[in-house]
Amino acid sequence: MTTDQKPFVQLWSVEDRLRAVEKISAQLQTSLSHQGSLALQAPRRHAATHNIRDVDPVAIHGAGLGQAFIIAAWDAPPSWRAAADYPCDGVSDQVEIQNAIDILPSIGGSVVLSPGTFTVSAAISPRNHLDFGGRVGSGSYTTWATVIKLANSTNTDVIANTAAAGVVCRLHDFMVDGNKANNLTAGNGINIAAFKSRFERLYIKDCRLSGLVLTGTAGQEANVGGCFLSHVIVRDCELDGIRNSAAHFDVFATDIEVGLCGTTGTTSGGWTILGSTVRIGGTSNFYNNMHGIIVGDGVGEVNEVQISNTLFDTQTRAGIWVRPLNNWVLIVGNIFRNNSQAGAGLYPHIGLSLSPDSTTAAIQDVTIVGNQFSGVRSPSAMQASYCVDIGTYGI
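These numbers were taken from a predicted model, which means no experiment stands behind them.

A. Seen up close, the overall build of the protein chain. Secondary structure summary: the protein chain contains four helices and 29 strands in total. Sequence-distant contacts, at least 24 apart, represent 74% of the contacts inside the protein chain between residues at least 6 apart. Of the roughly 15,400 Å² of accessible surface on the protein chain, a fraction of 53% belongs to carbon and sulfur atoms.

B. Layout of the packing of aromatic side chains. With the rule as written, the count across this model stands at six aromatic pairs. Aromatic pair Phe132 and Phe174: ring centres 5.6 Å apart, planes at 80°, arrangement edge-to-face. Of the two residues, Phe132 is situated in strand β5 (residues 130-133) and Phe174 in strand β8 (residues 169-177); the sequence distance between them amounts to 42 residues. Each member of the pair, Phe132 as well as Phe174, is classed as buried.

C. Seen up close, helix α4 (residues 94-102). The buried count for α4 comes to seven of nine residues, which makes it a mostly enclosed element. Elements in contact with the buried residues of α4: β1 (68-72), β2 (86-87), β3 (109-113), β4 (116-120) and β5.

D. Representation of the state of the cysteines within the structure. Summed over the entire model, instances satisfying the criterion amount to zero disulfides. The structure places no disulfide on Cys207, whose sulfur is separated from the nearest cysteine sulfur, that of Cys237, by 3.9 Å. A relative accessible area of 0% places Cys207 in the buried class. Unpaired in this structure, Cys261 has its nearest cysteine sulfur neighbour in Cys237, at a distance of 4.4 Å. Classification of Cys261 by relative accessible area gives buried; the value is 1%.

E. Structural view of the confidence of the model for the protein chain. Predicted confidence across the protein chain gives a mean pLDDT of 80, with 74% of residues reaching 70 or more. Across the protein chain, the secondary-structure element scoring lowest on mean pLDDT is helix α2 (residues 57-61), at 36, and the one scoring highest is strand β15 (residues 257-259), at 98. A low-confidence stretch, residues 1-14 (pLDDT under 50), is modelled with 43 contacts involving residues beyond four sequence positions or located in other chains. Overall, residues 24-65 carries pLDDT values under 50, and its contacts beyond four positions in sequence, including any with other chains, amount to 56 contacts.

F. The pattern of salt bridges, seen in detail. Counted by the stated rule, this structure contains eight salt bridges. Between Arg201 and Asp173 there is a salt bridge, with its nearest N and O atoms 2.6 Å apart. One end of the pair, Arg201, is in strand β10 (residues 198-205); the other, Asp173, is in strand β8, with 28 residues separating them in the sequence. Classification of Arg201 by relative accessible area gives partly exposed; the value is 30%. The salt bridge partner of Asp313 is Arg337, with a shortest N-O separation of 3.3 Å.

What counts and what doesn't
- Residues numbered from 1 in each chain as written.
- Predicted model: local features only at pLDDT ≥ 70, side-chain atom pairs only at ≥ 80, totals over all residues.
- Heavy atoms only, no water.
- Helix = DSSP H or I, 4+ residues; strand = E, 2+ residues; numbered from the N terminus.
- Contact = heavy atoms within 4.5 Å.
- Areas by Shrake-Rupley, 256 points an atom, 1.4 Å probe, with all protein chains shown as cover.
- Phe/Tyr/Trp six-rings, centres within 6.5 Å; stacked < 30°, edge-to-face > 60°.
- Buried < 20%, exposed > 50% of the residue type's maximum accessible area, 1.4 Å probe, protein only.
- Disulfide = S-S within 2.5 Å.
- pLDDT = per-residue confidence, 0-100.
- Salt bridge = Lys/Arg side-chain N within 4 Å of Asp/Glu carboxyl O.

Right, dumping it as structure tokens:
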């Protein structure tokens, strides 16, 4: 851990921000009732040398909420645009967003995104001690009020910081749209070397590559990992929905939903786990992926993986595929149904092997107990020939 890295301390909550914006909205409504109408200024673009003294975040957000900036989308409600420190115009909106991030003090602060759509033509780069969030919508669970969308023909990540030193941050309450129909060669949703960071209430979709990549640099493992994922939805990504690299350890995930990922190739899926000490549970759901979860790549060793209380439904191939050189894997209390959609009898619900339809493996200390299996397409609950020291096997 570098001297600049400290466990993330949330400076002010979502509720605090919402109360501040609601207060502003009420004040504007009162003003409108007395003055008739309030004309909005045309969208303006702040210079890269934006002076922090030009805005008064304490007056805007309320005393005691810490350093914070509001960024308004071009189609944000009038109350948000009136209160915004940085109003956007729908073109290269990462400029305004990055300006706000970069001028926060070294102790950190918050960048609040309004409802609406932000279109970016280059990656937004989070920094240490950043709280970066928007607004969720109402109605459908896939409706997010704040959307960050990759511009056409950009072929880059939407949010990225892969510095070896890692970054401590919190990302929450917005949608990432990778716009893969108009980005044909590259682009992850979020690609970040994160340390003790939180990812909460995110919806990541339509990425040309992977949805959420927790990356790291070999030899810098002490500077990444220790991350928490909660209520993260990932859908329609070409490679993995979620992927943590071999250098990214200690990930805890609860209430995750990943679907329709891994459509390119046969070694990707809902989540590919390459770093050790990963725990997935809390009523998570993997559906219609190439594989539900893949543990390891058959080259590097992955240890201490726990998968529990999760539904694996209608994968193209295996529900869980544990590849060689992996130890201490616990698969307990899950539900598997209707996997092996590629062909009846081809792939098991749980495969412990070099490939999901092979019986050559070198896997140790696997506990599989208390799971439920249904559907006639998979040949057996588990395929585990030639594995070493399976601690427990039960359905």
